[in-house]
2 protein chains.
Amino acid sequence: MWYENKVTQDLNIKYPIVQAGMAGGITTPELVAAVSNSGGLGSLGAGYMSSEQTRESIRKVKQLTDKPFGVNLFIPETPDVSEDELKKANEWLQPFREKLGISEKTEVKKPTATLFEQQMEIIMEERVPVCSFTFDVPSKETVQQLKTGNIMVIGTATTVKEAIANEENGVDMVVVQGSEAGGHRGTFMGSFEEAMIGTMALVPQTVDQVNIPVIAAGGIMDGRGVLAALILGAQAVQMGTAFVTSIESGAKEQHKEAILNSTEEQPVITSAFSGKPARGIQNDFITKMAKHETELPKYPIQNTLTKTIRSEAAKQNRPEWMSLWCGQNPRSSKHLSASKVISDIVSQVDDIVKHIETRG
Amino acid sequence: MWYENKVTQDLNIKYPIVQAGMAGGITTPELVAAVSNSGGLGSLGAGYMSSEQTRESIRKVKQLTDKPFGVNLFIPETPDVSEDELKKANEWLQPFREKLGISEKTEVKKPTATLFEQQMEIIMEERVPVCSFTFDVPSKETVQQLKTGNIMVIGTATTVKEAIANEENGVDMVVVQGSEAGGHRGTFMGSFEEAMIGTMALVPQTVDQVNIPVIAAGGIMDGRGVLAALILGAQAVQMGTAFVTSIESGAKEQHKEAILNSTEEQPVITSAFSGKPARGIQNDFITKMAKHETELPKYPIQNTLTKTIRSEAAKQNRPEWMSLWCGQNPRSSKHLSASKVISDIVSQVDDIVKHIETRG
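Rules and cut-offs
Residues numbered from 1 in each chain as written. Chains lettered and ligands numbered in written order. Predicted model: local features only at pLDDT ≥ 70, side-chain atom pairs only at ≥ 80, totals over all residues. Heavy atoms only, no water. UniProt positions renumbered as here; feature names shortened; annotations may be inferred. Axes fitted to C-alpha atoms, helices over the stretch in contact; angles between N-to-C directions. Helix = DSSP H or I, 4+ residues; strand = E, 2+ residues; numbered from the N terminus. Parallel < 35°, antiparallel > 145°, perpendicular 65-115°, else oblique. Left-handed = near helix turned anticlockwise from the far one by under 90°. Contact = heavy atoms within 4.5 Å. Nonpolar A, V, L, I, M, F, W, Y, C, P; charged D, E, K, R; others polar. Expected span 1.5 Å × (residues − 1). Buried < 20%, exposed > 50% of the residue type's maximum accessible area, 1.4 Å probe, protein only. Arc of directions from axis to C-beta. Phe/Tyr/Trp six-rings, centres within 6.5 Å; stacked < 30°, edge-to-face > 60°. Lys, Arg positive; Asp, Glu negative; His and termini not counted. Salt bridge = Lys/Arg side-chain N within 4 Å of Asp/Glu carboxyl O. Pairing = 2+ DSSP bridges. Buried area = accessible area lost by both parts, 1.4 Å probe. Polar contact = N/O pair within 3.5 Å; in protein donor to acceptor, adjacent residues only side chain to side chain. Least-squares fit on C-alpha atoms with pLDDT ≥ 70 in both. 1 Å grid on protein atoms, 1.4 Å probe; cavity = no way out; pocket = protein on both sides within 12 Å on 5 of 7 lines; lining within 4 Å. Points joined across faces, edges and corners; volume = space filled by probe spheres on them.

In the annotation of an unreviewed UniProt entry, chain A is listed under the name Probable nitronate monooxygenase and assigned to Lederbergia ruris. Looking at the Sequence similarities (unreviewed entry) heading of the UniProt record, one finds this comment for chain A: "Belongs to the nitronate monooxygenase family. NMO class I subfamily."

Structure follows, in structure tokens:
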């Protein structure tokens, strides 16, 4: 059958559909478990979770499913930031804070790798079946550590050379993130602009250059996209936006609504929310901050600085100041249960395959 | 069979493969005829041709094939340019002219629609089977005129709303140009940045919103891309870069070499050569002109200003100052005859289809 391949075999899942490990409360244990229970690979986005939250969420997922699932981690970045950079960024953010009535100052600590190390330990202890990474390639030591625990390792790449770097460090499979993808860019070699490669071009070129299985991401929202990606040579797809609007998703209602009402030109690339380029629906925050983009503190500093703005904006129902991550195919988004998202994809692919069999 | 659909039927071709009507000497009558003789739709890129060249080339194609072929026209743009803009642009171009020993001044005439009207007459008189357009939607009158001559009309769009605008004006089918595509962007509504939608996302969203057949373009270089595009809902593909490096292509040797040796990150978007955003392989000209991008005279003025630079650079073998148009999938490029490009695609699709039939 079309869904039987090395990825489904190695991950021990039925369908080659990975739910992206989106951070920021979107990937509730309910969503992760629903995807896994429906034959895909649910993934917990632990990027912004504390170690306690990480362990708790993993345990919750385990209560809800006995199927394989993944945890997605951010490879830590520990940039320096000057007082002057911080001061300027705070000045630019002040108008939003004022409008939202935020008075407390945001404290910025020097980012460290401590959380990442704790999360890695938890993943080993909890025997999480799959661990995926983004924002950089996991080190050979990290990969080796996970392999001693029989944990499958998935990397993320936005160019062929990044995919090769992942393969060289020993990951089992690699997600290639096309320019259509919503949320943060995974680029870690060279400039992100150069690494904005469309899925249609990125998948076949990567497949031809690496020996590990490739998982296609970016612009895939339904059975047409899934089968197209498989034909391009991918052995699975990773879908984010399609699950953000699902019933089990923990995304804010305004976020879901924005995606369901968006067209393909509205999700733009911005660094304004986090200091790292990401695709989200254009709004007042992105527009107003655009002129400062190149001078903002690096990720994760800027992310910390905008945290209360984003959460207060959600509470006060001001989507114009929220980060509305979304890929370039929002017209295909639907508000369905995760299991229905997957069963719709499977029957659509089944239909297309049947059609091909009939016509030749 | 997989290649039988409304597009192949209406265009009276065997395979749903359109060779892009690239301007600038790439689409020799030999290339156009070779593609048509191999079962695809060859297209003459008449955008920069004089009316004499247009008629001559059409007649030459007719001598070489009795199969359907197309002519691609640029909908004329007639921007104003100030003396100051011209002066500045000439100053920025002067270093390149000096290095190439170009002493004569480039004369810039106010662009008019006269050539376009003459080309339309020639297409009617010569009974060209297919006429395609880019840079804007053809007017209802233009479409009507062609239909009285039983000429099939193909439009170009980079967003869903542009595809709808084409449908509303009566075109028979529409090429949707994904962000991966090489050469000039066809965007005519809104900013080109917003209209950089990956093929994987653009095709299904357009197919769901228009009733006319969609032809997918951008990043498609082989049978995998062709079948993937058909599965996304397109009824044909348009391929440019894959034919630039073909034996019959009139592209300069340095252009072919550059594509054959390029990787996916090298083709970038630049307005430096023509005043209109286009994707070409990064080189010294693009890098040096980058800081002036927003102040350049509009297309086609800037195109006129850089014309001798581009042609002298080719003569003097300085590819660093040539426009090396290329899409985001150059790793898949090959130096083959156009007929071999097509027969390789067809057998690759046949193989994949057979594989699907066997596996289900």
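Moving on, there is more to tell.
All names here are of chain B. Taken N-terminus to C-terminus, the directions of helix α3 (residues 51-64) and helix α5 (residues 114-125) make an angle of 20°; their axes are 9 Å apart at the nearest point. Considered as vectors, α3 and α5 are oriented roughly parallel to each other. Viewed along their axes, α3 and α5 form a crossing whose handedness is right-handed. Facing α3, whose interface residues are S51, T54, R55 and I58, α5 presents L115, Q118, Q119, I122, I123 and E125. Residues that form the contact of α3 with α5 fall into these classes: 4 nonpolar, 4 polar and 2 charged.

Residues and elements named next belong to chain B. The first and last C-alpha atoms of α5 sit 17 Å apart over 12 residues, in line with the 16 Å expected at 1.5 Å per residue. Buried residues of α5: F116, Q119, M120, I122 and I123, and no others. Projected down its long axis, α5 carries its buried residues within an arc of 165°, all on one side.

As a further point, take the packing of aromatic side chains. Residues and elements named next belong to chain B. In this structure the tally under the stated criterion is 24 aromatic pairs over all chains. Aromatic side chains F74 and Y299 sit 6.4 Å apart centroid to centroid with 75° between the ring planes, which places their arrangement in the edge-to-face category. Note that F74 is positioned in strand β3 (residues 69-74) and Y299 in the loop between α12 (284-289) and α13 (301-315), a separation of 225 residues in sequence. The class for F74 is buried, based on a relative accessible area of 12%.

So, about the side chain of R310 of chain B. All names here are of chain B. Following the sequence through the fold, R310 ends up in helix α13. No salt bridge is formed by the buried R310, whose closest oppositely charged neighbour, E312, lies at an N-O distance of 13 Å. Apart from residues no more than four positions distant in its own chain, R310 is found in contact with F273, N303, W321, M322 and S323.

Residue and element names in this part refer to chain A. Sheet architecture is open: 3 strands sit in the order β7-β11-β10, paired in antiparallel fashion. One side of each edge strand has no neighbouring strand; the edge strands of this open sheet are β7 (183-184) and β10 (267-270). Of the strand pairs in this sheet, β7 and strand β11 (residues 278-281) are connected by 2 bridges, and their pairing is antiparallel. Note on β11: the bridge partner recorded for H184 is A278.

Before going further, it helps to examine the interface of chain B and chain A. Counting from both sides, the interface comprises 43 residues of chain B and, opposite them, 43 residues of chain A. Across the chain B to chain A interface the summed buried area is about 3,800 Å²; carbon plus sulfur atoms make up 56%. It is M200, R224 and I231 of chain B that lose the most area in chain B upon contact with chain A, and together they represent 19% of the buried surface on that side. Counting the contacts that link chain B with chain A gives 4 salt bridges. At the boundary of chain B with chain A, the tally comes to 20 residue pairs in polar contact (both at pLDDT 80 or more). Of all the secondary structure elements, the ones that give two or more residues to the side of chain B that touches chain A are α7 (160-168), α8 (199-207), α9 (223-232) and α14 (338-359) of chain B. Here the side of chain B that touches chain A gets 7 residues from one element, more than from any other, and that element is α9 of chain B. Split by residue class, the side of chain B that touches chain A holds 19 nonpolar, 13 polar and 11 charged.

Okay, the relation of the copies chain B and chain A next. Superposition record for chain B on chain A: RMSD 0.0 Å, screw rotation 180°, translation along axis 0.0 Å. On this basis, the relationship between the two copies can be described by a two-fold rotation axis. Within chain B, the C-alpha atom positioned nearest to the axis of rotation is that of A228 of chain B, 2.1 Å from it. When you check the interface residues of chain B against chain A, 100% turn up at the interface there too, and the contact is symmetric in its surfaces.

To continue, consider the sheet that holds strand β9 (residues 236-239) of chain A. Residue and element names in this part refer to chain A. Spatially, 8 strands are ordered β1-β9-β8-β6-β5-β4-β3-β2 in an open sheet, and the strand pairing comes out parallel. In this open sheet, the two strands that pair with only one neighbour each are β1 (17-19) and β2 (42-45). Neighbour-to-neighbour, the strand axes of this sheet turn through a mean angle of 25°, independent of strand direction. Two strands pair when backbone bridges link them, and strand β5 (residues 152-157) and strand β6 (residues 173-177) are joined in this way by 4 bridges, in the parallel orientation. Bridge pairing links I154 to M173 in β6. Sitting on the sheet, helix α5 (residues 114-125) is in contact with β3 (69-74) and β4 (130-134), with an inclination near 165° to β3.

Residue and element names in this part refer to chain A. Across all of its chains, the model carries 1 cavity of 30 Å³ or more by this definition. Considering only enclosed or pocket space, the largest cavity measures out at about 40 Å³ in volume. As for the largest cavity, its lining consists of V18, Q19, G21, L41, S43, G70, V71, V130, S132, I154 and Q238. Mapped by element, the contributors of at least two residues to the lining of the largest cavity are β1, β3 and β4.

Quick look at helix α2 (residues 29-37) of chain B now. Of all 9 residues in α2 of chain B, 7 are buried, a share of seventy percent or more. For α2 of chain B, the elements touching its buried residues are β1 (17-19), β2 (42-45), α3, β3, α10 (241-244) and α14 of chain B.

Pairs can form between side chains of opposite charge once their charged atoms are near each other. Residue and element names in this part refer to chain A. Under the definition given, this model contains 38 salt bridges over all chains. Residue K147 pairs with D172 through a salt bridge whose shortest N-O separation is 3.6 Å. Here K147, found in helix α6 (residues 140-148), pairs with D172, found in the loop between α7 (160-168) and β6; they are 25 residues apart in sequence, far enough to count as distant. Taking the relative accessible area as the measure of exposure, K147 reaches 32% and is therefore partly exposed. Residue K315 is joined to E312 by a salt bridge in which the shortest nitrogen-to-oxygen separation is 3.6 Å. Residue K315 and its partner E312 are located together in helix α13 (residues 301-315), separated by 3 residues, close to a single helical turn. Within the structure, one salt-bridge network assembled from shared partners comprises R55, R59, K62, E125 and E126.

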